[in-house]
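Spelled out, the chains give:
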Amino acid sequence: MLTDLVRCTVLAEDLRQVEALMATLEARSVVGLAGAANTSDGEEMFRITAIKNRFDESYDDNKSGGYRDLSLNVEVGWTIKDGAVFFENVQDWNALECQHHICEIQVHLRSSNVKMVSGRLHARYVELRNQFNG
């Protein structure tokens, strides 16, 4: 199943900013596939469906050539009214018969991102990706 046709990258200056961003995302979301909600204030705009924390000290970065990030898959729900797209609160998805999509949010440290984009790692990623695209 395709899950990240829409992706964004957030650049953080340090791990404190990563933690602050994660706290904000958790506060605005429902966590889990089955919809087990946080304490709801009706403002949850997406559902977190997966998290990979490659910043964790226990993560073996030999698997990724030293690459580290935080990656979240989030499900969003939307409706179309009068030709315009409206993102809806999770609590309203069923009642509004929303369309759904899974998006990826990648969080990088700015210092690591500069090295990755300007270095050989990103070029190698593009080569490998293009092999799959035929």
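Everything that follows concerns the structure shown earlier in this document.
Every value quoted in this text rests on a predicted model; they were computed, and no experiment measured them.

A. The nonpolar core, seen in detail. Ranked by internal contacts, the top residues of the largest apolar core, which has 15 residues, are Val18, Phe46, Ile48, Leu70, Leu72, Val74 and Val107. Mapped onto this core, the elements with two or more residues apiece are α1 (15-27), β3 (46-53), β4 (70-81) and β6 (99-109). Apart from the residues within four sequence positions on either side, Leu72 is in contact with Met22, Leu25, Ile48, Ala50, Ile51, Cys103, Glu104 and Ile105.

B. Quick peek at the layout of surface pockets. The space that makes up the second largest pocket amounts to roughly 160 Å³. Around the second largest pocket, the lining residues are Leu15, Val18, Glu19, Met22, Asn53, Phe55, Asp56 and Leu70. Here the lining of the second largest pocket takes four residues from α1, the largest share from any one element.

C. Seen up close, the state of the cysteines. With the rule as written, the count across this model stands at zero disulfides. Between Cys8, a free cysteine, and Cys103, which holds the nearest cysteine sulfur, the sulfur-to-sulfur gap is 8.1 Å. Here Cys8 falls in the partly exposed class, since its relative accessible area comes to 35%. With relative accessibility at 11%, the residue Cys103 sits in the buried group.

D. Spotlight on the environment of Val6. If you trace the backbone, Val6 turns up in strand β1 (residues 6-12). With relative accessibility at 43%, the residue Val6 sits in the partly exposed group. Sequence-wise, Val6 and Glu104 are 98 residues apart; in three dimensions their C-alpha atoms are separated by 6.4 Å. Once you skip the residues sitting within four places of it in the chain, Val6 turns out to touch His101, Cys103 and Glu104.

E. Quick look at the packing of aromatic side chains. Per the stated rule, a full pass over the model turns up zero aromatic pairs. Across the ring face of Phe86, the terminal group of Lys81 is positioned such that the distance to the ring centre comes to 5.2 Å.

F. Structural detail: the pattern of salt bridges. Enumeration over the complete set of coordinates arrives at seven salt bridges. Salt-bridge contacts for Lys81 lead to Glu88; the nearest nitrogen and oxygen are separated by 3.4 Å. Of the residues examined, Glu88 reaches a relative accessible area of 10% and is grouped as buried.

G. Molecular detail of the side chain of Arg54. Among the secondary structure elements, Arg54 is positioned in the loop between β3 and β4. Overall, the relative accessible area of 17% leaves Arg54 in the buried class. Within the local environment of Arg54, its side chain forms a polar contact with the side chain of Asp69, the two groups lying 2.5 Å apart. Apart from residues lying up to four places away in sequence, Arg54 is in contact with Tyr59, Tyr67, Arg68, Asp69 and Ser71.

The rules behind the values
- Residues numbered from 1 in each chain as written.
- Predicted model: local features only at pLDDT ≥ 70, side-chain atom pairs only at ≥ 80, totals over all residues.
- Heavy atoms only, no water.
- Core = buried A, V, L, I, M, F, W, Y, C linked by side-chain atoms within 4.5 Å.
- Buried < 20%, exposed > 50% of the residue type's maximum accessible area, 1.4 Å probe, protein only.
- Helix = DSSP H or I, 4+ residues; strand = E, 2+ residues; numbered from the N terminus.
- Contact = heavy atoms within 4.5 Å.
- 1 Å grid on protein atoms, 1.4 Å probe; cavity = no way out; pocket = protein on both sides within 12 Å on 5 of 7 lines; lining within 4 Å.
- Points joined across faces, edges and corners; volume = space filled by probe spheres on them.
- Disulfide = S-S within 2.5 Å.
- Phe/Tyr/Trp six-rings, centres within 6.5 Å; stacked < 30°, edge-to-face > 60°.
- Lys NZ or Arg CZ within 6 Å of the ring centre and 35° of its normal.
- Salt bridge = Lys/Arg side-chain N within 4 Å of Asp/Glu carboxyl O.
- Polar contact = N/O pair within 3.5 Å; in protein donor to acceptor, adjacent residues only side chain to side chain.

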